[in-house]
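Analysis of the macromolecular model
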Amino acid sequence: MTFKQLEIIEPILKAINEEGYTIPSPIQEEAIPLLLSKKDMMASAQTGTGKTAAFAIPILQNMTQSNNTKGIKALILTPTRELAMQIKESFDAYGRHLPLKTVVIYGGVKQKNQVLKLKRGADILVATPGRLLDLINQNIIKLSQVQYFVLDEADRMLDMGFIRDVKKVISLVPKQRQTMLFSATLPKSILNLASSILNDPSRIQITPEETTLEAIKQTAYYLKSGDKQDLLLHILKEQKNASVLVFSRTKRFANKIAKRLIENKVSAIAIHGNKSQSARTEALYKFKQKQVRVLVATDVASRGIDIDELSLVINYNLPDVPETYIHRIGRTGRANHKGEAISFICEEEYSLLKDIQKHIKMEIPVNK
Ligand code: AMP
């Protein structure tokens, strides 16, 4: 199957080609024709499956092919700032030969720049729920023209306590619309939500590679946050040649960690959302080719990292969401290889550790 066979229009095909994608991923193959025909959809698929393109491409195409009014016609609601930025980048990339504008808004930063961009006009809006409601309440955003609505990572959205905000937003979107819901897992709460917002949806299930935590040796170190760099160096010196994936919570920290490693003569490279797609691809290539020993990544940037012989994952910081812990350490111990995952835990992270242990239903042994 090719993208052309999915009847994607020329300007988008060109952009996909420029992104370097050769064939559609399974979710794209299934979802794109359905969404082009304006069906509602519920998909259980995780990050890394190519789900963003699976909804972004049909939205861009359908918008291009219909009479467009002014205003926000597509709304993508996603739980975190990182995901929001990533989705906006995807719309920009696949839509680069189209005259459509995508704006992203999220909390935690001043609203001024976001408002300026909105005022210049947006066809597609990518948003986290809180900031979106804020700007709606200030009459800066109107959702009355929305025809395409995506609820991304719905389960995470609920886990993060956004359910009321999400429902509020949905009540403000016109009923006449195409709705797409994506969720890694489908607990009852999501099924309930789905049945209340979707109209005769098609269901798609993309099962990720099974991760068996049993195959992974997990260890935790309790330490002061200031001692993390030294411990990292120590572990890397002990495990002389192994390829190591280090997870950092922030982009800034990813850079810092990589820099310190290089200063200590360990070959390392950082990848995160501030780096261009080509820089990320190159970093990954070097890591896979073992030209670089340590890859320092943020969660978002690590999507799509698929390395068969990765022997060690280090959580320099614990992730906020327990599910992410499984995603992270699942990168090791693949294809019958023995894997190891080490987590550095400082005092502020104790409660995260508790949540993770509850989630994975096991205690992570502590190395003192
Ligand atoms: P997502 O699941 O949407 O987070 O996408 C995961 C990664 O796969 C992103 O870095 C995309 O750029 C990349 N990607 C998406 N679709 C394709 C494709 N058909 N071929 C190659 N890479 C892709």
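As a starting point, this report considers the structure included with it. Only a predicted model underlies this, so the values are computations on that prediction, with no experimental measurement involved.

1. Considerations on the nonpolar core
- Grouped together as the largest cluster of nonpolar side chains are 42 residues, with contacts concentrated most on Ile8, Ile27, Phe55, Ile57, Ile59, Ile76 and Phe91.
- Looking at which element gives the most residues to this core, the answer is helix 3 (residues 51–65), with eight residues.
- Every residue in contact with Phe55, bar those within four places of it in the chain, is listed here: Leu35, Ile76, Ile87, Phe91, Val150, Asp152, Met180 and Phe182.
- Membership of the second largest hydrophobic core comes to 34 residues, among which are Leu75, Leu77, Leu135 and Met157.

2. Observations concerning helix 5 (residues 112–119)
- Listing the buried residues of helix 5 in full gives Gln114, Val115 and Leu118. Taken around the axis of helix 5, the buried residues stretch over an arc of 100°, which confines them to a single face. In helix 5, the exposed positions that point more than 90 degrees away from the buried face belong to Lys112, Asn113 and Lys119.
- Of the surrounding secondary structure, the elements contacted by the buried residues of helix 5 are strand 3 (102–105), strand 4 (124–127) and helix 6 (129–137).

3. Points about the layout of surface pockets
- Here the second largest pocket defines a volume of roughly 360 Å³.
- Residue lining of the second largest pocket: 18 residues in total, with Gly71, Ile72, Leu118, Gly121 and Ala122 positioned closest to the centre.
- Of the residues belonging to the lining of the second largest pocket, the class tally is five nonpolar, six polar and seven charged.

4. What to know about unusual backbone geometry
- Even without being a glycine, Lys38 presents a positive backbone phi close to 70°.
- Among the secondary structure elements, Lys38 is positioned in the loop between helix 2 (26–36) and strand 1 (41–44).
- Given a relative accessible area of 44%, Lys38 falls into the partly exposed group.
- Of note, the phi angle at Lys265 is positive, near 65°, even though the residue is not glycine.

Thresholds applied
Starting from 1, residues in each chain are numbered consecutively following that chain's sequence as written. Whole-chain, interface and lining totals are the exception, using all residues; otherwise, since this is a predicted model, local features are given only for residues with pLDDT of at least 70 and side-chain atom pairs are given and counted only at 80 or more. The basis for the side-chain values is all heavy atoms of the structure; hydrogens and waters are excluded. The set of buried Ala, Val, Leu, Ile, Met, Phe, Trp, Tyr and Cys residues whose side-chain atoms join them within 4.5 Å is what this entry labels a nonpolar core. Relative accessibility thresholds used throughout: buried, under 20% of the residue-type maximum; exposed, over 50%; partly exposed, between the two (1.4 Å probe, protein chains only). Helix and strand assignments follow DSSP, with helices taken as H or I runs no shorter than four residues and strands as E runs no shorter than two, numbered in order from the N terminus. In what follows, residue pairs with any heavy atoms lying within 4.5 Å of each other are defined as contacts. By construction, the arc corresponds to the directions joining the helix axis to the C-beta atoms. Using a 1 Å grid laid over the protein atoms alone, points where a 1.4 Å probe fits but cannot get out form a cavity; open sets with protein on both sides within 12 Å along at least 5 of 7 lines form a pocket; any residue with an atom within 4 Å of a point counts as lining. Grid points are joined across faces, edges and corners, and a volume is the space filled by probe spheres set on the points. All residues other than Ala, Val, Leu, Ile, Met, Phe, Trp, Tyr, Cys, Pro, Asp, Glu, Lys and Arg, Gly among them, are scored as polar; the first ten of these are nonpolar and the last four charged.

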